[in-house]
Structure formats: C-alpha cells, structure tokens
Amino acid sequence: IESIAKKGSDSSYSKIKTWVDLSNYRITKSEYYDDSGKLFKTMAFSNYKKYKNQWRAQNISVKNVKKNRSTHLELKKISMKKLDDSDFSMSALE
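These numbers come from a predicted model, not from an experiment. (Residues numbered from 1 in each chain as written. Predicted model: local features only at pLDDT ≥ 70, side-chain atom pairs only at ≥ 80, totals over all residues. Heavy atoms only, no water.)

Visitor: Sorry if this is basic, but what is going on with the pairing of strand β3 (residues 26-33) here?
Guide: Here is the key point about a regular strand: its side chains alternate between the two faces of the sheet. As defined by bridge partners, strand β2 (residues 15-21) adjoins β3 across 7 bridges and the pair is classed as antiparallel. Residue Lys17 lies in a different strand from β3, and its bridge partner there is Glu31. Joining the antiparallel neighbours β2 and β3 is a turn of 4 residues, in which Tyr25 adopts a positive phi near 60 degrees. Looking at chain direction, β3 and strand β4 (residues 39-51) are connected through 5 bridges and run antiparallel. Opposite Tyr32, over in β4, you have Lys41 as the bridge partner. With antiparallel pairing between neighbouring strands as the criterion, β3 and β4 make up a hairpin whose turn holds 5 residues, including Gly37 at a positive phi of roughly 90 degrees. (Pairing = 2+ DSSP bridges. Helix = DSSP H or I, 4+ residues; strand = E, 2+ residues; numbered from the N terminus.)

Given below as structure tokens:
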C-alpha cells in the first residue's frame, strides 16, 4: 500500500509504503519517505500473537536511515482496558 501526502499538508512524511501479508492481513513492514522523496525511516513488525481477538506484533524494529539509529521494541505483556470519551478530555490528557 502506498500512501502519499496531499500537497501542502502538515504530514511529516511525503509517502509511506506499507507491506501487508495478504494471508492474514498483518503489516510486516513500512517505509517512510521525507519531503524530498528519500527513504527516512523503516519499521518491521514480527512475532504476532493474538490478544482478545486482535493480533499484535510482539516485536517492532524502527530504523532511522538518515541518522543510522534504530530502536527495537519487544512486548512481553499487553494490558488493555476500554476507554471512555472522558479519558480524552483536556483534564485527563494533561
């Protein structure tokens, strides 16, 4: 899937390419491009596990291609709760 930002938008990226495994509709990787169209950042998603009827990537790797830095996130435990509209009030977000 290729997503292209509208001209004049405030988007941080000019384009995002997303790879989806069509056998299970899970994202496997994404590429983010800067305003000049150069590759800026990559993300890889792996080790999906099912949690309450939703599949979640347990491993996420992000690489900033321009600065040659990377971050690896490993989810060991997931806890979710239902959110109410009041959870998004100004006082709750401060």
